[in-house]
Amino acid sequence: MEIEVTSEELKAIRKNKREIEKRLRDLEGLERTLRVLKLRLLLERKDGLEKKLAEMRVSYAELVEFEETAKRDKEFLMAFRKELSEENRRLRAELEARRR
């Protein structure tokens, strides 16, 4: 089993080494320690999940915005293409009329 601790926690552990050893020797202290460690682990996981959820919400909002922009761009390009096609048709008709 591996436990990660910050440098401050490591200093506190070293400072309170005798107290920690005493606590680990008695079952009640061990149970308390395990509960604290489990709670810390659960809180870290919760924080991690909340962070991921926040990131996913931002990504989703960006995706929705991108999708809406893409739809608007497509509509604009389709209208422009239609206008260009009509202009092309008109110019061909003019050119054809001049050739006659």
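Each value, and the rule that gives it
Residues numbered from 1 in each chain as written. Predicted model: local features only at pLDDT ≥ 70, side-chain atom pairs only at ≥ 80, totals over all residues. Heavy atoms only, no water. Helix = DSSP H or I, 4+ residues; strand = E, 2+ residues; numbered from the N terminus. Buried < 20%, exposed > 50% of the residue type's maximum accessible area, 1.4 Å probe, protein only. Areas by Shrake-Rupley, 256 points an atom, 1.4 Å probe, with all protein chains shown as cover. Lys, Arg positive; Asp, Glu negative; His and termini not counted. Charge placed at Lys NZ, Arg CZ, Asp CG, Glu CD. Patch = residues over 30% accessible without salt bridge, like charges linked within 9 Å, V, L, I, M, F, W, Y side chains within 5 Å. Salt bridge = Lys/Arg side-chain N within 4 Å of Asp/Glu carboxyl O. Phe/Tyr/Trp six-rings, centres within 6.5 Å; stacked < 30°, edge-to-face > 60°.

A. Seen up close, the overall build of the protein chain. Secondary structure summary: the protein chain contains 3 helices and 0 strands in total. Moving toward the C terminus, one meets the helices and strands of the protein chain in the order α-α-α. Taking the principal axes of its C-alpha atoms as reference, the protein chain extends roughly 110 × 20 × 20 Å. Per-residue burial for the protein chain yields a buried fraction of 1% across its 100 residues. Carbon and sulfur atoms make up 57% of the accessible area of the protein chain, which totals about 10300 Å². Taking the 28 positively charged and 24 negatively charged side chains of the protein chain as two groups, their mean positions are separated by 2 Å.

B. Inspection of a nonpolar patch on the surface at higher detail. Residues Ile3, Val5, Leu10, Ile13 and Ile20 make up a contiguous nonpolar surface patch of about 350 Å² in total accessible area. Classification of Val5 as partly exposed rests on a relative accessible area of 35%.

C. How the structure looks around the packing of aromatic side chains. Taken as a whole, this structure holds 1 aromatic pair when the rule is applied. With 6.3 Å between their ring centres and 15° between their planes, Phe76 and Phe80 make a pair best called stacked. With Phe76 and Phe80 both in helix H3 (residues 27-99) and 4 residues apart, this pair spans about one turn of that helix. Phe80 gets classed as partly exposed once you look at its relative accessible area, which sits at 45%.

D. View of a negative patch on the surface. Taken together, the side chains of Glu2, Glu4, Glu44 and Asp47 present a region of like negative charge at the surface. Along the chain, the position of Glu2 falls in the segment before helix H1 (7-15).

E. Main features of the environment of Leu41. Considering the arrangement of structural elements, one finds Leu41 in helix H3. Considering only alpha carbons, one finds Leu41 and Ala93, 52 residues apart in sequence, at a separation of 77 Å.

F. Broad picture of the pattern of salt bridges. Here the structure, examined in full by the defined rule, presents 4 salt bridges. Between Lys46 and Glu50 there is a salt bridge, with its nearest N and O atoms 3.3 Å apart. Residue Lys46 and its partner Glu50 are located together in helix H3, separated by 4 residues, close to a single helical turn. The class for Lys46 is partly exposed, based on a relative accessible area of 43%. A salt bridge links Glu94 to Arg90, with the nearest nitrogen and oxygen atoms 2.4 Å apart. With Glu94 and Arg90 both in helix H3 and 4 residues apart, this pair spans about one turn of that helix. Here Arg90 falls in the partly exposed class, since its relative accessible area comes to 40%. Salt bridges sharing common partners tie together Glu87, Arg90 and Glu94.

Bear in mind that shape data such as this cannot, by itself, settle questions of function.
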